[in-house]
Amino acid sequence: MSTDTAVPGPPPTPRSPTLDVTALRAATPGMRHAHHMNAAGAALPSAATLAAVTDHLHLESLLGGYEAAEALADRTERVYHSAARLIGAEPQDIALVDSASTAWQRALGALRLKAGDRVLASSSTYVSSALHLLEMRDSHGIVLEVLPADASGQIDLGALDTALREPAALVTIAHVPTSSGLVEPVAAVGALAARAGVPLLLDATQSLGQLPVDVQEMRCGIVVATGRKFLRGPRGTGLLYVDPELRARTRPAAPDVRGAQWSSAYQYEVVPGARRYETWESSHALRLGLGTALDEALDLGVALIRDHVTELAERLRAGLSGVPGIRRTDPTAAASGIVTFLREDEDPRQTVRDLRATGFRLTTVPASHGQWDLGRRGLERVARASLHVYNSADDVDALVAALTARERRRRGAGEATSETVSRTASGLPSETTPGSPTPTFTVPGSATPTSTGPEPGPPTPTSTGPEPGSATPTSTGPEPASATGATTVPEPVSVGQRTASSSRPTGSAGDRADVIVVGAGVHGSAAAWQLAARGASVIHLDRFPAGHTEGSSHGRARMIRRAYPAEIWDGLVDTAYNAWQELELASGQRLVTTTGGLYARAAGAPATLRGPGCENVDHARAAELFPGLRLCEGFSAVHDPAAGVIDAQASLTALAALGRAHGVDRRDGCAVLRWRRDGEGVRVDTDQGVLHAGRLVVCAGPWTGELLPAFARPLSVVRIVNLHLGSSRRHLLEPPLLGAFSVDVPDVGLLYGIPAFGGAGVKIGLDHGPPEDPSVPAGPVTGAERDRLLGLASRFLPAADGPVEETITCRYTMAPKNRFAVGRLPGEDRVLTAAACSGHGFKFGPALGAALADLAEGKERPDLDFLSPAAMGITDRPGPGAGA
């Protein structure tokens, strides 16, 4: 036995407790759909609060309203206890009401103010309270005095002290106003009011739930608050506290059977406690929901909530300070979870509309909601973000990045600054330092670059991802993307804008370029843009006129998801999500909307999908997630909260515009007849003449086998049919009640769908179809095809009961194991392809376009080795092809 004596080390440094934000977000259904930053308007309730409301409504439907209230009377009683605990009061001092405004009116009515009574109000007073006071001034003759604010924005305590030297009937103050993050010194105000013997009415509407409120320490006579804001309770709830001593000398102005006893023909007595201010009619379901929210706040601890929320708010204020064109409008005494700001020369309503379009939920506050504050400061309206426990630093940083990106796009139109954003593996953007060289495109093996590249374009917006990193110089030309998802963002351009490179000659007779790209679907268009933005001269060909419907990229919408069959896809999926963000930044458009996704299969069937952040759910949980999708008991599903919808039409338009702006020579209706190796490059014969280039990129979809004969045998082209369906209950088929989905229907196949989106009805289709010859125009949807899909819709989408709004046919180019072919052709290193995406390639369009540009520059992409033509069995030299 060892005789060594262990020497104890120093005790571990205690860690400050923190909130489990991941768990809180998971328990908040609304956080699956957007960055919610409007807690000061109406915070997102938890799933438990939602269940408390709906469960009681269900009970009422079974028992009746009175009987259900009686059955859960004990739980309702506990709501009073929870509210009292939260503010340091007794349960009998609490009245439950339907709003803070109702609480205010009941309390003020009980005071029976009369002509000459002085009311001292802070400039932070809320609009409804101010309107009531103004009316009482006009109708009752009270004297209303609005107290000034000091330099920090808080109530001027010296002015209050002076005002209290004369008799006053009431002091009222908002703990936190609706118009800024200001926190008033309530305890100091309460002490002054108590010393003067004047009751203090505290409006805790914007503070209760995010800041500690103790009626004893603050010396409050009356407190009013709502449930829907930082308490995270349901709308239609509120509470009123009245101090026992004050209650003893006041009576409700309009007693109700809930708070008074009609004792004889001409007499009544009010009940002893604060319930004298309640009314009989109320929503018991909402009160139970409020009780759940109160208990959650108590369990978390208001001190922890305060620390989390104020830390995020300070992070946001600091971030906004670094965004050009953004002005913070909070006073210096701001210390709550509310942050207000303005964008130069823009109505805040437009700012908020644009942010909402990119997944941020904020609001605006007009001066008409705070004339004594905003009006005094000369602010007509401000944008307001308000944070809560379900928000994280990622939400804050994403908002700062989105504002930065939009401001740079606004300013970039008139600037000539070159700036390239290169994504690192961590996802943090970096910026090109002034004076960095412009990109050049060099054909591997050439002695010199083939062109000088485009002139500097407008600055590139930063990502909407994590917080920005420090600016670092980038190298000449983009670096290769890694398996972890790094890609390069070409400079953004506005639609219709052309850089200086657009006038660069592509050859003595317009027949030469660095790269020829064949195919103007999503992959070819993305590759053409990426190549041109890096400095290459590009001729972009498509055999059909623009906007044709013969291939695979047309239609309104596509699905994006993280759920994939195997881990080998995860890196490429990450790259795809990043690439869409970068395309959005470059184009200035929102192209991807997160809706969540459900991918269902028969119970007991092998699981085919998994992925980061995904979870398996049963049919009951699936119904909670997507009420618009009906799965019977025999199904389970994979839930992918990151899944969403791509605006396919807008994406193709944006890629084409970006390509043209960087000088892409787009030639629609120009068919490739054949190609061959020609010295150090390739020769391409078209029906409009002969072209030459250093590289050929083939993204020809169903016509790949004609251009690259080695692919003809392993690839097959199939017909796919889609329907867009109307509904008499459209909301059930829109996010958040329905997102992207698929159902593997036994003996039928894979039904997939996209929710009603962008004005179009819900889209459905089957992920398989009969072989189709791409040389023959696609025929219209047949009656049998239509009826088959309608039958599946009635089974799984009962709300899709409207007319068929649109029918679509397209073609899938299927490869073995449903994989792609992306890379250089064996034996033809000057020819590259992205082909045979097996019906799930649109989501990877911008990412594969960047990959093709990397490969054309001679860079390696080992992350795509599993999709190389060799991995598909294309090992022989494909040789020249004809057709396309």
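Figured I'd write up the structure that's included with this text.

Cut-offs and rules
- Residue numbers run consecutively from 1 along every chain, following the written order of its sequence.
- In view of the model being predicted, local features appear only for residues whose pLDDT reaches at least 70, and side-chain atom pairs are presented and counted only at 80 or more, with totals across whole chains, interfaces and linings using the full set of residues.
- Calculation of side-chain values draws on the structure's entire complement of heavy atoms; hydrogens and water are dropped beforehand.
- We call a set of buried residues a nonpolar core when its members are Ala, Val, Leu, Ile, Met, Phe, Trp, Tyr or Cys and they connect through side-chain atoms within 4.5 Å of each other.
- In this scheme, a residue with accessible area under 20% of its type's maximum is buried, one over 50% is exposed, and one in between is partly exposed, where area comes from a 1.4 Å probe on protein chains only.
- A run of H or I in DSSP becomes a helix once it reaches four residues, and a run of E becomes a strand once it reaches two; helices and strands are each numbered from the N terminus.
- Any two strands with at least two DSSP-identified bridges between them are counted as paired.
- All axes are obtained by fitting lines to C-alpha atoms, using only the stretch in contact for helices, and the reported angles, taken between N-to-C directions, cover 0 to 180 degrees.
- The criterion used for residue contact is that any of the two residues' heavy atoms lie within 4.5 Å.

Turning to the nonpolar core, a few remarks are in order. Leu531, Trp569 and Phe844 are the most contacted members of the largest nonpolar core, which has 50 residues in total. Elements represented by at least two residues in this core include exactly strand 18 (512-518), helix 17 (522-533), helix 18 (570-587), helix 20 (648-661), strand 36 (828-835) and helix 23 (845-856). Counting residues in each nonpolar core, the second largest holds 40 residues, with Leu160, Leu192, Val223 and Tyr241 among its members.

Strand pairing in a sheet takes place through backbone hydrogen bonds and is either antiparallel or parallel in direction. One open sheet accounts for three strands, arranged 20-25-21; its pairing is antiparallel. The sheet is open, and its two borders are formed by strand 20 (557-560) and strand 21 (592-594), each paired with just one other strand. Along the sheet, successive strands turn relative to each other by an average axial angle of 30°, direction set aside. Relative to strand 25 (residues 644-647), strand 21 runs antiparallel, the two sharing three bridges. Bridge pairing in strand 25 places Val592 opposite Ile646.

Counting buried positions over the five residues of strand 5 (residues 170-174) gives five, a clear majority of the element. Judged by which residues are buried, strand 5 turns out to be covered on both faces: Leu170, Thr172 and Ala174 on one side and Val171 and Ile173 on the other are all buried. Direction of pairing for strand 3 (residues 118-121) relative to strand 5: parallel, over a ladder of three bridges. Across the sheet, Leu120 pairs through a bridge with Val171, a residue of strand 5. Here four bridges tie strand 5 to strand 6 (residues 200-203), and the two strands are oriented parallel to one another.

Another aspect to go through is unusual backbone geometry. Excluding glycine, residues mostly have negative phi values, and the peptide bonds linking residues are mostly trans. Residue Pro736 is reached from Pro735 by a cis peptide bond, and omega for that bond is 5°. Within the secondary structure, Pro736 is located in the loop between strand 30 (716-725) and strand 31 (740-745). Although it is not a glycine, Arg112 adopts a positive phi angle of roughly 50°. Among the secondary structure elements, Arg112 is positioned in the loop between helix 6 (100-111) and strand 3. By relative accessible area, which is 48% here, Arg112 ends up partly exposed. In the Ramachandran plot, Asp345 falls in the positive-phi region, its phi being about 60° despite a non-glycine side chain. Looking at the secondary structure, you find Asp345 in the loop between strand 12 (338-343) and helix 14 (348-357).

As a further point, take the sheet that holds strand 31. Taken in spatial order, the eight strands of this open sheet run 23-24-22-31-32-33-30-34, and their pairing is mixed. Bordering the open sheet on either side are strand 23 (615-618) and strand 34 (804-814), each of which pairs with just one other strand. Within this sheet the neighbouring strands show an average axis-to-axis angle of 20°, counted without direction. Note that strand 30 and strand 34 share ten bridges and pair antiparallel. Counted as the bridge partner of Val721 is Thr809 from strand 34. Where helix 22 (residues 783-796) meets the sheet, it contacts strand 24 (635-640), strand 30, strand 31, strand 32 (749-754), strand 33 (762-766) and strand 34, and its direction lies at approximately 55° from that of strand 30.

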